[in-house]
Amino acid sequence: MTKTPDSAVRSFIDQHEDAFLADLADWLRIPSVSADPGRAGEVRRSAEWLADKLRATGFPVAEVWETDGLPAVFAEWPSGDAGAPTVLVYGHHDVQPAAREDGWDTDPFEPAVVGRRLYARGAADDKGQVFFHTLGLRAHLAATGRTAPAVNLKLLVEGEEESGSPNFAALVRREAERLAADVVIISDTGMWSETTPTVCTGMRGLADCQIDLYGPDNDIHSGSFGGAVPNPADVAAALVAGLHDADRRVAVPGFYDGVVELTEEERALFAALPFDEAQWLRVAKSYGTQGEAGYSTLERVWARPTAEVNGIWGGYTGPGGKTIVPAEAHLKLSFRLVAGQEVEKVREAVAAWVSAQVPEGIRYEIVFPGATRPCLTPLDHPALRSVVRAMERAFEQKVLFTREGGSGPAADLQDVLGAPVLFLGISVPSDGWHSINEKVELDLLRKGVETSAHLWGDLAENFRR
Ligand SMILES: [Zn+2]
């Protein structure tokens, strides 16, 4: 297998960049806001626009897939090479709401190029990042002389990501056979900065719970009964107080079972990132750091499981005093999970911990509304190495690693398809995701195109089935 020559890729992109940007601008003009029922037709138009464009790019299969909500787009282009891996690229074509009145300098749905930046809702999240693969793929074909990609390429572009992907897991399960892949590449993430290209290697999972604590049948007189019956607000506070130990480790027995620990290599690579804690605190709008002893701030957010009190209420909270033993109190807790933790085991551990803490005389209910599993790709995974090499050829500099502290639909793909999930994103923190004046840096968009152009040949060579 021959390597895609970098110069051939670059000259192909030079020739086609203007038309590529004009096409992207057309797509960005479609206000595919999934949260707005009045724009459901625009989300559909966006899906159809993309399917047409993928057909024009050469995909022999490009379909609009219906869901119980808004449509997704699926496209497929077999390589014709029996040993080639199958790669599924994920992105989304819906966007966050946006209006000029929110404070945008330009119309969010009329793309504006200012210098080397393209401003529009969806420019970075996520249309720009989906679209760079189309030109990247064409550059790959042109530079190698191939008539089909070096890998079996599949594309899944959903239409409800900005609304919490309510139908995505069901869609993936329904179409699991057609989506089957050896690796999933998520192009809906970012890099550390313009000057520090990075690859994200995992996301944390999430499990949340609500605990409702009940004492007396109604609020009762604290003078007549207080101090002689258990108080549910007191129990709620005790649960919160006992959630962490003195080292800020989660004190729920069994919570850390199976946790995949950071390797020394990962810790060194995280430490190599130009992290400015004071700046990070400004973004966090917080006035001090706190967390599990023995770990840096980035390690705490990216690679350690945590427990958070999201809400605590109960008893009298109005003006003045009301001397009662309240009838009830409530807690909302959430747990960020890392690779190796099982959602079901964490739920059992939390339920057992609560059961052991709640005194006689207090009834309680605990519910676990939702969960997302964590995902993590080891640094030495051959497909991850391919992504890193492709990025390093595009950026002509060393690529570092990050993780994502949040949780997302990537885990659905990982779980249903049983394939490792990798992240290839070229966005940067200043791109204004979900905010006003969202933009994409045209030079980075081009690096995305180049990375995509180099990736397929590298995967075909180094990640054979
Ligand atoms: Zn997104």
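Reading the values: rules and limits
- Along each chain, numbering runs from 1 in the same order as the chain's sequence is written.
- For a predicted model such as this one, the threshold for reporting local features is a pLDDT of at least 70, and the threshold for listing and counting side-chain atom pairs is 80 or more; totals across whole chains, interfaces and linings nevertheless cover every residue.
- Secondary structure follows DSSP: runs of H or I at least 4 residues long count as helices, runs of E at least 2 residues long count as strands, and numbering of each begins at the N terminus.
- Our radius of gyration looks at C-alpha atoms and nothing else; its globule reference is 2.2 Å times the residue count to the power 0.38.
- To sort residues by exposure, count the other C-beta atoms lying within 10 Å of each residue's C-beta; 20 or more gives buried, 12 or fewer gives exposed, and values between give partly exposed, all with C-beta atoms placed from the backbone.
- Whether two residues are in contact depends on their C-beta atoms, placed from the backbone: they are in contact if these lie within 7 Å.
- A pair of strands is treated as paired once DSSP finds two or more bridges between them.
- Helix axes are fitted only over the stretch in contact, all axes being lines through C-alpha atoms; the angle between N-to-C directions runs from 0 to 180 degrees.
- The scheme is simple: roughly parallel for angles under 35 degrees, roughly antiparallel for over 145, roughly perpendicular for 65 to 115, oblique for anything else.
- A clockwise turn of the near helix away from the far one marks a right-handed crossing, whereas an anticlockwise turn of less than a right angle marks a left-handed crossing.
- Gly counts as polar in this scheme, as do all residues outside two lists: the nonpolar Ala, Val, Leu, Ile, Met, Phe, Trp, Tyr, Cys and Pro, and the charged Asp, Glu, Lys and Arg.
- Among buried residues, those of type Ala, Val, Leu, Ile, Met, Phe, Trp, Tyr and Cys that are joined through C-beta atoms within 7 Å form a set called a nonpolar core.
- UniProt positions are given in the numbering used here, feature names are shortened, and annotations may be inferred rather than shown by experiment.
- The domain boundaries here were taken from an automatic or database domain assignment.
- One fewer than the residue count of a helix, multiplied by 1.5 Å, yields its expected span.

### Side note on the overall build of the chain
And then number 1: On a plain count of helices and strands, the chain comes out with 14 helices and 19 strands.
And then number 2: Scaling as 2.2 N^0.38, a compact globule of 465 residues should have a C-alpha radius of gyration of about 23 Å, and the chain matches this with 25 Å.
And then number 3: Overall, the C-alpha framework of the chain stretches about 85 × 50 × 45 Å when taken along its three principal axes.
And then number 4: Residue burial in the chain is summarised as follows: out of 465 residues, 46% are buried.
And then number 5: A sequence separation of at least 24 residues applies to 80% of the contacts in the chain between residues at least 6 apart.

### Remarks on the sheet that holds strand 19 (residues 439–441)
And then number 1: The three strands lie next to each other as 4-5-19, forming an open sheet whose pairing is antiparallel. Looking along the sheet, the strands with just one partner apiece sit at the ends: strand 4 (112–114) and strand 19. With strand direction ignored, the average angle separating the axes of adjacent strands in the sheet is 25 degrees.
And then number 2: Inspection of the sheet shows strand 4 paired to strand 5 (residues 117–119) by three bridges, in the antiparallel sense. Paired with V113 across the two strands is L118, which belongs to strand 5.

### Side note on the pairing of strand 7 (residues 183–186)
And then number 1: Neither face of strand 7 is open: one carries V183 and I185, the other V184 and I186, and all of them are buried.
And then number 2: Pairing between strand 3 (residues 86–92) and strand 7: four bridges, direction parallel. Across the sheet, the residue bridging to V89 is I185, located in strand 7.
And then number 3: Note that strand 7 and strand 18 (residues 421–423) share three bridges and pair parallel.

### Here we look at unusual backbone geometry
And then number 1: Looking along the chain, the bond that leaves D125 and enters D126 is cis, with omega of 10 degrees.
And then number 2: As for its placement among the helices and strands, D126 is situated in the loop between strand 5 and helix 3 (127–144).
And then number 3: Positive phi is not limited to glycine here, since H434 has a value of about 65 degrees.
And then number 4: Here H434 lies in the loop between strand 18 and strand 19.
And then number 5: The class of H434 is exposed, set by 12 C-beta atoms lying within 10 Å.

### What about the sheet that holds strand 6 (residues 152–158)?
And then number 1: Ordered in space as 1-2-6-3-7-18, the six strands form an open sheet in which the pairing is mixed. In this open sheet, the two strands that pair with only one neighbour each are strand 1 (61–65) and strand 18. On average, adjacent strands in this sheet sit at an angle of 20 degrees to one another, irrespective of strand direction.
And then number 2: Pairing geometry for strand 3 and strand 6, over seven bridges, is parallel. Each residue of the ladder has a partner; that of V87, found in strand 6, is L153.
And then number 3: The sheet contacts of helix 2 (residues 40–57) involve strand 1, strand 2 (72–77) and strand 6, and relative to strand 1 the element is tilted by about 170 degrees.

### Concerning the packing of helix 12 (residues 382–395) against helix 14 (residues 442–462)
And then number 1: Packing of helix 12 against helix 14 leaves a shortest axis separation of 8 Å and a crossing angle of 140 degrees. One way to sum up the angle between helix 12 and helix 14 is to call them oblique. Here the hand of the crossing between helix 12 and helix 14 comes out right-handed. Along its contact with helix 12, which presents P382, A383, R385, S386, V387, R389, A390, M391, R393, A394 and F395, the element helix 14 presents K447, E450, T451, H454, L455, D458, L459 and N462.
And then number 2: Residues belonging to the contact of helix 12 with helix 14 are distributed by class as follows: nine nonpolar, four polar and six charged.

### Describing the nonpolar core
And then number 1: With 115 residues, the main nonpolar core has V73, V87, V184, V387 and L422 as its most contacted residues.
And then number 2: The element contributing the most residues to this core is helix 14, with eight residues.
And then number 3: The residues contacting V73, other than those within four sequence positions of it, are A47, L50, A51, A62, V64, W65, H93 and V157.

### Looking at the packing of helix 1 (residues 6–28) against helix 14
A pair of packed helices is captured by two measures, namely the crossing angle of their axes and the spacing between those axes.
And then number 1: Where helix 1 contacts helix 14, the axes come no closer than 11 Å and their chain directions differ by 135 degrees. On the basis of their axis angle, the class for helix 1 and helix 14 is oblique. For the element pair helix 1 and helix 14, the recorded crossing hand is right-handed. Between helix 1 and helix 14, the residues in contact are V9, I13 and E17 and R446, V449, E450, A453 and H454, respectively.

### Brief notes about the environment of K53
And then number 1: Positionally, K53 belongs in helix 2.
And then number 2: Here K53 falls in the partly exposed class, since 19 other C-beta atoms lie within 10 Å of it.
And then number 3: If sequence neighbours within four positions are ignored, K53 has contacts with D23 and T134.

### Notes on the UniProt feature "domain: Peptidase M20 dimerisation" (unreviewed entry) in the chain
And then number 1: Summarizing the sequence annotation, UniProt attributes the feature "domain: Peptidase M20 dimerisation" (unreviewed entry) to residues 202–360 in the numbering used throughout.
And then number 2: Split by type, residues 202–360 is 33% helix and 22% strand. Its first and last C-alpha atoms lie 42 Å apart.

### A short note on the domain arrangement of the chain
And then number 1: Per the domain assignment, the segments of the chain are domain 1 (6–203 + 374–462) and domain 2 (205–259 + 305–372).
And then number 2: Listed as interface residues are six residues of domain 1 and, on the opposing side, eight residues of domain 2.
And then number 3: For the side of domain 1 that touches domain 2, the per-class residue count stands at three nonpolar, three polar and no charged.

### Points about helix 2
And then number 1: The first and last C-alpha atoms of helix 2 sit 26 Å apart over 18 residues, in line with the 26 Å expected at 1.5 Å per residue.
And then number 2: Among all positions in helix 2, only E42, V43, S46, A47, L50, A51 and L54 are buried.
And then number 3: On the buried face of helix 2, the contacting elements are helix 1, strand 1, strand 2 and strand 6.
And then number 4: In the segment just after helix 2, G58 is the residue with positive phi, at about 125 degrees.

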